[in-house]
Amino acid sequence: MTKKTLFITGANSGFGLAIGKAAVAAGHTVIGTVRSEASRVRLKELLPSAHAVLHDVTDFDRIAGIAEQVEDEHGPVDVLINNAGYGHEGVLEESPLEEMRRQFDVNVFGAVSVAKAFLPRFRSRRSGFIVNVTSMGGMITLPGIAYYCGSKFALQGISEVMRSEMAPFGVHVTALCPGSFRTDWAGRSMVRTDRSIADYDHLFDPIRQARQEKSGHQLGDPARLAAAVLALIASDNPPPQLLLGSDALKFVSARIERLQDEIEDWKAVTLSTDG
């Protein structure tokens with residue numbers, strides 16, 4: 001594979017760290033964003049050859065300057081991995097709107113602001129690759145993660161538009177849609193709204209308990225995901241979205257089948273509105 005320069009947000013843990021390790025091992029240059037000095041030190045310990053940049057993706061006004069500085073110091077960025085994000089868990093009725101705003105600020109506005117900093121650079125060079133890390137939760141839904149699924153559905157749709165807009169300039173865009181992996185997503189990285197309405201106990205408490213018990217024991221291996229990402233960015237014909245994990249394949253395929261059935265069941269009503 002041609003050696004590339006990767007800019008990875010949220011590079012000190014989870015998918016970001018796994019992709020960074022695999023990229024460095026393959027001879028690529030890795031520039032990773034971290035949110036704190038402690039995280040910068042940790043990334044340096046775990047991945048000494050990576051270049052750490054202090055940046056919170058919700059600091060929208062700084063990213064354009066960071067992109068310029070990074071390319072001045074390290075040359076053109078070839079691949080943007082929009083990985084920074086977190087999960088929110090909570091029954092919709094119980095969850096404050098402030099938590100939804102924070103979820104969208106990080107998972108949607110943060111990702112879009114970073115992409116917009118690199119889009120003009122990729123467009124002018126007529127090359128580049130953007131990988132927006134969404135989730136199988138950007139294509140299916142589960143009770144108790146409405147804010148998370150909403151944010152990932154949003155990024156999924158934005159990614160498809162971004163792909164069509166950038167295609168004429170030779171820039172690839174793929175939404176990465178992982179299932180359950182052995183990261184901290186369901187552990188320390190998840191924000192959980194306190195329970196307050198007993199009517200939801202029967203529905204939601206078993207889901208929360210199962211998610212916590214499963215954390216750290218998921219089927220998905222982050223190192224294998226990283227290998228898949230390196231194969232993806234080497235492709236000349238990447239897909240609009242790439243499911244990763246057997247659970248993602250199972251749940252998304254089932255949702256597509258249900259959607260097809262729903263469309264067929266209501267087809268007559270759908271067509272009845274044409275004048």
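Please refer to the structure placed before this passage.
Below or above, wherever it landed, is the structure these notes cover. None of the values given here were measured: they were computed from a predicted structure.

Cut-offs used in this document
Residues numbered from 1 in each chain as written. Predicted model: local features only at pLDDT ≥ 70, side-chain atom pairs only at ≥ 80, totals over all residues. Heavy atoms only, no water. Phe/Tyr/Trp six-rings, centres within 6.5 Å; stacked < 30°, edge-to-face > 60°. Helix = DSSP H or I, 4+ residues; strand = E, 2+ residues; numbered from the N terminus. Axes fitted to C-alpha atoms, helices over the stretch in contact; angles between N-to-C directions. Parallel < 35°, antiparallel > 145°, perpendicular 65-115°, else oblique. Left-handed = near helix turned anticlockwise from the far one by under 90°. Contact = heavy atoms within 4.5 Å. Nonpolar A, V, L, I, M, F, W, Y, C, P; charged D, E, K, R; others polar. Buried < 20%, exposed > 50% of the residue type's maximum accessible area, 1.4 Å probe, protein only. Lys, Arg positive; Asp, Glu negative; His and termini not counted. Salt bridge = Lys/Arg side-chain N within 4 Å of Asp/Glu carboxyl O. Pairing = 2+ DSSP bridges. Core = buried A, V, L, I, M, F, W, Y, C linked by side-chain atoms within 4.5 Å.

**What about the packing of aromatic side chains?**
Within a pair of aromatic rings, the relevant descriptors are the distance that separates the centres and the angle that separates the planes.
Piece 1. Under the definition given, this model contains three aromatic pairs.
Piece 2. Aromatic side chains Phe7 and Phe118 sit 5.0 Å apart centroid to centroid with 50° between the ring planes, which places their arrangement in the tilted category. Here Phe7, found in strand β1 (residues 5-8), pairs with Phe118, found in helix α4 (residues 97-125); they are 111 residues apart in sequence, far enough to count as distant.
Piece 3. Site record: aromatic cluster; members linked through ring pairs are Phe7, Phe118 and Phe122.

**Some thoughts on the packing of α4 against helix α5 (residues 146-166)**
Piece 1. It is the contact of α4 with α5, at a shortest axis distance of 9 Å, that shows an interaxial angle of 15°. Judged on the interaxial angle alone, α5 and α4 are roughly parallel. For the element pair α4 and α5, the recorded crossing hand is right-handed. Side by side, α4 and α5 meet where Leu97, Glu99, Met100, Gln103, Phe104, Asn107, Val108, Ala111, Val112, Ala115, Leu119 and Arg123 of the first sit next to Tyr147, Tyr148, Gly150, Ser151, Lys152, Ala154, Leu155, Ile158, Met162 and Met166 of the second.
Piece 2. For the contact of α4 with α5, a count of residues per class yields 15 nonpolar, four polar and three charged.

**A look at the side chain of Lys4**
Piece 1. Among the secondary structure elements, Lys4 is positioned in the segment before β1.
Piece 2. Buried charge Lys4 goes without a salt bridge, the closest partner of opposite sign being Asp78 at 6.0 Å.
Piece 3. With sequence-adjacent residues up to four places away left out, Lys4 is seen in contact with His28, Thr29, Asp78, Val79 and Ile233.

**A short note on the environment of Leu119**
Piece 1. Within the element layout of this structure, Leu119 appears in helix α4.
Piece 2. Sequence spacing of Leu119 and Val171 is 52 residues, and the spatial spacing of their C-alpha atoms is 8.7 Å.
Piece 3. Excluding residues within four positions of it along the chain, Leu119 makes contact with Ile130, Met162 and Met166.

**Concerning the packing of helix α3 (residues 63-74) against α4**
Piece 1. Interhelical geometry of α3 versus α4 gives an angle of 45° and a closest axis separation of 8 Å. Our classification of the angle between α3 and α4 gives oblique. For the element pair α3 and α4, the recorded crossing hand is right-handed. Residues Ile63, Ala64, Ala67, Glu68 and Glu71 of α3 pack against Ser113, Val114, Ala117, Phe118, Arg121 and Arg125 of α4.
Piece 2. Looking at side-chain class alone, the contact of α3 with α4 contains six nonpolar, one polar and four charged residues.

**What about the sheet that holds strand β7 (residues 172-178)?**
Strand pairing in a sheet relies on backbone hydrogen bonds. The paired strands run either parallel or antiparallel.
Piece 1. Spatial strand order, β3-β2-β1-β4-β6-β7-β9: seven strands in an open sheet with parallel pairing. The open sheet has two edge strands, β3 (51-54) and β9 (241-244), and neither has a second partner. On average, adjacent strands in this sheet sit at an angle of 20° to one another, irrespective of strand direction.
Piece 2. In this structure, β1 lies alongside strand β4 (residues 79-82), joined through three bridges in parallel fashion. Considered in β4, the bridge of Phe7 is made with Leu80.

**A short note on the pattern of salt bridges**
Piece 1. Taken as a whole and judged by the stated rule, the model has 11 salt bridges.
Piece 2. A salt bridge links Arg211 to Glu89; its shortest N-O distance comes to 2.5 Å. Taken together, the residues Arg211 in helix α6 (residues 201-214) and Glu89 in strand β5 (residues 87-89) connect sequence positions 122 residues apart. Glu89 shares its class with Arg211; the two are buried.
Piece 3. Across the pair Asp201 and Arg195 runs a salt bridge whose closest N-O atoms are separated by 3.1 Å.
Piece 4. According to the relative accessible area criterion, Arg195 is partly exposed, its value standing at 24%.
Piece 5. Bridged by salt links that share partners, the residues Glu89, Arg192, Arg208 and Arg211 form one connected network.

**Overview of unusual backbone geometry**
Piece 1. Even without a glycine there, the phi angle at Arg126 is positive, about 60°.
Piece 2. Structurally, the position occupied by Arg126 is in the loop between α4 and β6 (129-133).

**Here we look at the nonpolar core**
Nonpolar side chains tend toward joint burial in soluble globular proteins.
Piece 1. Counting residues in hydrophobic clusters, the biggest one holds 28 residues, and the most contacted among them are Leu6, Ile19, Ile81, Leu176, Leu225 and Ile233.
Piece 2. Contributing elements (two or more residues each) for this core: β1, α1 (14-25), β2 (29-34), β4, β6 and α7 (222-233).
Piece 3. In this structure, Leu6 is in contact with Ile19, Ala23, His28, Thr29, Val30, Ile31, Val79, Ile81 and Ile233, ignoring residues within four places of it in sequence.

By themselves these figures say nothing about function.
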